[in-house]
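Residue-level listing of the chains:
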Amino acid sequence: MGRAGCCYRGAERLASSPSLRPLLLLIVALCYGAHKGHCQVATPQCRIQKCTTDFVSLTSHLTPALEGFDVEFCKALRSYSACTQRTAKSCRGNLVFHSAVLGISDLMTQRNCSRDGPTSSTHPEIQSEPCNYHSRTQHTHPHPHSHTHTPTRPGYLFCGLFGDPHLRTFKDSFQTCKVEGAWPLIDNDFLSVQVTNVPVVTGSSATATNKITIIFKPFEECTDQRVYQAVTDDLPAAFVDGTVSSGAPNHNVNGNNGDSTGKVRALWISERSPGHHVELHAGYIGVTVIVRQLGRYLTLAVRIPEEMAHAYDATQDLQLCLNGCPTSERIDRGGHLPLPLPLPPPALGLHLQQPHGQGKGQPSHTAPYSAPQRFSVEGARARCREQLELQDIYFHSCVFDLMTTGDANFTAAAFSALKDMESLHPHRERWRIFPQSSADTSQPITWLLLLTLFALSSALV
């Protein structure tokens, strides 16, 4: 077998004692299964691989010839046993887990270790919090270029929805969609986010979001299920059961950069502006959700770890954040957003909102219901420039929304969506997306025609 099985640094030293070889074989099995991708241990719930890694790190410097070997080895075994007990619920039915439990019991018998007694401290400078995603992943994410478990920051994904509506997917694909009715944005083993969209203007296929439902699914001892629901004119600062948090208040929370910021619960709601801006933080799965009401419609922004976003099965493949809108629901044409015709005179009896006294750089929170305005292309661009200086996809979405609806509150929606993206999107170099123009799409065809004509003329000479 050589060194192929020693993916835990120091594991080979366990082979120096015949009585420890059964445990070495278990560790080799763990490594092989993890590398091959068949193993059950590499999941966010069952943490038997972490338990084994910690045991190896505690015993890698020990040899039976050292004085005090039995005392230190028994401490490490008791720590290993305690770790398996903490993850027992989530590892139910896991063969590697049950093999580890039996192996620990056999070794404790062989070394005459008592069940009760002192334990070894694993990584005392970094105490792992089971209900804190950032703390948990410091111990479970291996360095990509080695077999050691050097703490690394996990990857994150961003998704946003605003306006008529405009969707930014996990892959930074920007789409404008119809998607009338209820649609799932996210649906995985840990989180479900569903939006309901309603028509904005009679005669237009554009819709906007008037209801958002978020389900935080049960997770070990950290939280039971919590449901949050927001509708137009009702943006609560509590879950539907009236609670504002879940989990024991003794877990560290980390900011966007992973720095510790204090002791909080596993799941909690923060009201930033009553009735207009709410943030939901699920520290146990590393998720942040921002919900706003601007005018009479809602916007949404989500930051989620990549491994959580991809924890779903074949029955959960309809997710707009993951795969975008179905082709039949797209309003944009492959990234090009065609501008609609200006609204007809306001004799249609449409009732939308428009802001009064809205300043530059400040989204409007309250505005009376009134008839829409009529925006020309230049009028819409001038209004959007008041808050969106860079003419990226958020600016063009703003122009589209103003010309489609006549509701100037969509300017504030685009501005807030941009700021929420900058707050939550993990990759600054991907922030800016510029729309494709019709001229851009026709240029390759023009060059192809010129080359064809040149080839024909050359052949005739």
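Everything numeric in this text was worked out from a predicted model, so none of it was measured.

## Re the overall build of the chain
So, point 1. On a plain count of helices and strands, the chain comes out with 11 helices and 16 strands.
So, point 2. Looking at the 461 residues of the chain, the share that counts as buried comes to 50%.
So, point 3. Entry remark: accessible area of the chain is about 21,900 Å², with carbon and sulfur atoms responsible for 55%.

## Brief notes about the state of the cysteines
So, point 1. Scanning all chains against the criterion turns up seven disulfides.
So, point 2. Across the disulfide from cysteine 46 sits cysteine 91; the S-S distance is 2.0 Å. The S-S bond linking cysteine 46 to cysteine 91 shows a torsion near 105°; that makes this disulfide right-handed. Of this pair, cysteine 46 sits in the loop between helix H1 (21-36) and helix H2 (48-59) while cysteine 91 sits in the loop between helix H3 (69-86) and helix H4 (95-110), placing them 45 residues apart in sequence.

## Digging into the sheet that holds strand E2 (residues 166-168)
So, point 1. Strand order in the open sheet made by the eight strands is E3-E2-E1-E14-E13-E12-E11-E8, with antiparallel pairing throughout. Both edges of this open sheet fall to strand E3 (174-176) and strand E8 (245-246), since each of them pairs with a single strand only.
So, point 2. Inspection of the sheet shows strand E1 (residues 156-162) paired to E2 by three bridges, in the antiparallel sense. By the bridge assignment, leucine 161 is partnered in E2 with leucine 167.

## So, the packing of helix H9 (residues 393-405) against helix H10 (residues 409-424)
So, point 1. Closest axis-to-axis distance for the H9/H10 pair is 8 Å, and the angle between their directions is 155°. Overall, the two elements H9 and H10 adopt an arrangement that is roughly antiparallel. For the pair H9 and H10, the crossing hand works out as right-handed. Contacts from Tyr394, Cys398, Asp401, Leu402 and Thr405 of H9 reach H10 at Phe410, Thr411, Ala414, Ala417, Leu418 and Met421.
So, point 2. Residues of the contact of H9 with H10, tallied by class, amount to eight nonpolar, two polar and one charged.

## Concerning the packing of H3 against H4
So, point 1. In the contact formed by H3 and H4, the axes pass within 10 Å of each other and the chain directions differ by 150°. It follows that H3 is roughly antiparallel to H4 by the angle criterion. Viewed along their axes, H3 and H4 form a crossing whose handedness is left-handed. On H4, the residues touching Leu77, Arg78, Tyr80, Ser81 and Thr84 of H3 are Phe97, Ala100, Val101, Ile104, Leu107 and Met108.
So, point 2. Considered class by class, the residues forming the contact of H3 with H4 number eight nonpolar, two polar and one charged.

## Remarks on the sheet that holds strand E6 (residues 207-216)
Consider a sheet: its strands pair through backbone hydrogen bonds, and that pairing is either parallel or antiparallel.
So, point 1. The strand order E4-E5-E6-E7 describes an open sheet built from four strands, whose pairing is antiparallel. The sheet is open, and its two borders are formed by strand E4 (181-187) and strand E7 (226-231), each paired with just one other strand. Between one strand axis and the next, the sheet turns by 20° as a mean value, whatever way the strands run.
So, point 2. Relative to E6, strand E5 (residues 191-199) runs antiparallel, the two being bridged by nine bridges. Its bridge partner lying in E6, serine 192 is registered against isoleucine 215.

## Points about the pairing of strand E11 (residues 267-273)
So, point 1. When you tally the buried positions in E11, you get five out of seven residues, the bulk of the element.
So, point 2. With two bridges connecting them, E8 and E11 associate as antiparallel partners. By the bridge assignment for E11, serine 245 is matched with tryptophan 268.
So, point 3. The sheet contact formed by E11 and strand E12 (residues 277-282) spans six bridges and is antiparallel. By the bridge assignment, serine 273 is partnered in E12 with histidine 277.
So, point 4. Turn length for the E11-E12 hairpin, with the two strands adjacent in sequence and antiparallel, is three residues, and the turn residue glycine 275 shows positive phi of about 80°.

## A word on unusual backbone geometry
So, point 1. Looking along the chain, the bond that leaves aspartate 164 and enters proline 165 is cis, with omega of -20°.
So, point 2. Within the secondary structure layout, proline 165 lies in the loop between E1 and E2.
So, point 3. The phi dihedral of glutamate 220 is positive, around 40°, even though this residue is not glycine.

## So, empty space enclosed by the protein
So, point 1. In total, this model carries six cavities of 30 Å³ or more according to the counting rule given.
So, point 2. Roughly 60 Å³ of volume is contained in the largest cavity.
So, point 3. Within the residue set of the lining of the largest cavity, elements represented by two or more residues are E1, strand E14 (297-305) and H10.
So, point 4. Of all the elements, E1 adds the most residues to the lining of the largest cavity, at four residues.
So, point 5. Residue composition of the lining of the largest cavity, by class: seven nonpolar, two polar and one charged.

## Looking at H9
So, point 1. Helix length check: H9 (13 residues) gives 18 Å between terminal C-alpha atoms against 18 Å at 1.5 Å per residue, within 8%.
So, point 2. Of all 13 residues that make up H9, 12 are buried, and the element is covered over most of its length.
So, point 3. Ile393, Tyr394, Phe395, Ser397, Cys398, Val399, Phe400, Asp401, Leu402, Met403, Thr404 and Thr405 are the residues of H9 that are buried.
So, point 4. With its phi angle positive at about 75°, glycine 406 sits one or two positions after the end of H9.

## Points about the pattern of salt bridges
So, point 1. With the rule as written, the count across this model stands at 14 salt bridges.
So, point 2. A salt bridge links lysine 50 to aspartate 54, with the nearest nitrogen and oxygen atoms 2.5 Å apart. In this pair, lysine 50 and aspartate 54 both sit in helix H2, four residues apart, roughly one turn of the helix. An identical accessibility class is assigned to lysine 50 and aspartate 54; each is buried.
So, point 3. Two residues, aspartate 172 and arginine 168, come together in a salt bridge whose shortest N-O distance is 3.1 Å.
So, point 4. Under the relative-accessibility criterion, arginine 168 is labelled buried at 2%.
So, point 5. Look at the salt bridges and you will find they share partners, linking Asp392, Lys419, Glu422 and Arg432 into a network.

Rules of the game
- Residues numbered from 1 in each chain as written.
- Predicted model: local features only at pLDDT ≥ 70, side-chain atom pairs only at ≥ 80, totals over all residues.
- Heavy atoms only, no water.
- Helix = DSSP H or I, 4+ residues; strand = E, 2+ residues; numbered from the N terminus.
- Buried < 20%, exposed > 50% of the residue type's maximum accessible area, 1.4 Å probe, protein only.
- Areas by Shrake-Rupley, 256 points an atom, 1.4 Å probe, with all protein chains shown as cover.
- Disulfide = S-S within 2.5 Å.
- Pairing = 2+ DSSP bridges.
- Axes fitted to C-alpha atoms, helices over the stretch in contact; angles between N-to-C directions.
- Parallel < 35°, antiparallel > 145°, perpendicular 65-115°, else oblique.
- Left-handed = near helix turned anticlockwise from the far one by under 90°.
- Contact = heavy atoms within 4.5 Å.
- Nonpolar A, V, L, I, M, F, W, Y, C, P; charged D, E, K, R; others polar.
- 1 Å grid on protein atoms, 1.4 Å probe; cavity = no way out; pocket = protein on both sides within 12 Å on 5 of 7 lines; lining within 4 Å.
- Points joined across faces, edges and corners; volume = space filled by probe spheres on them.
- Expected span 1.5 Å × (residues − 1).
- Salt bridge = Lys/Arg side-chain N within 4 Å of Asp/Glu carboxyl O.

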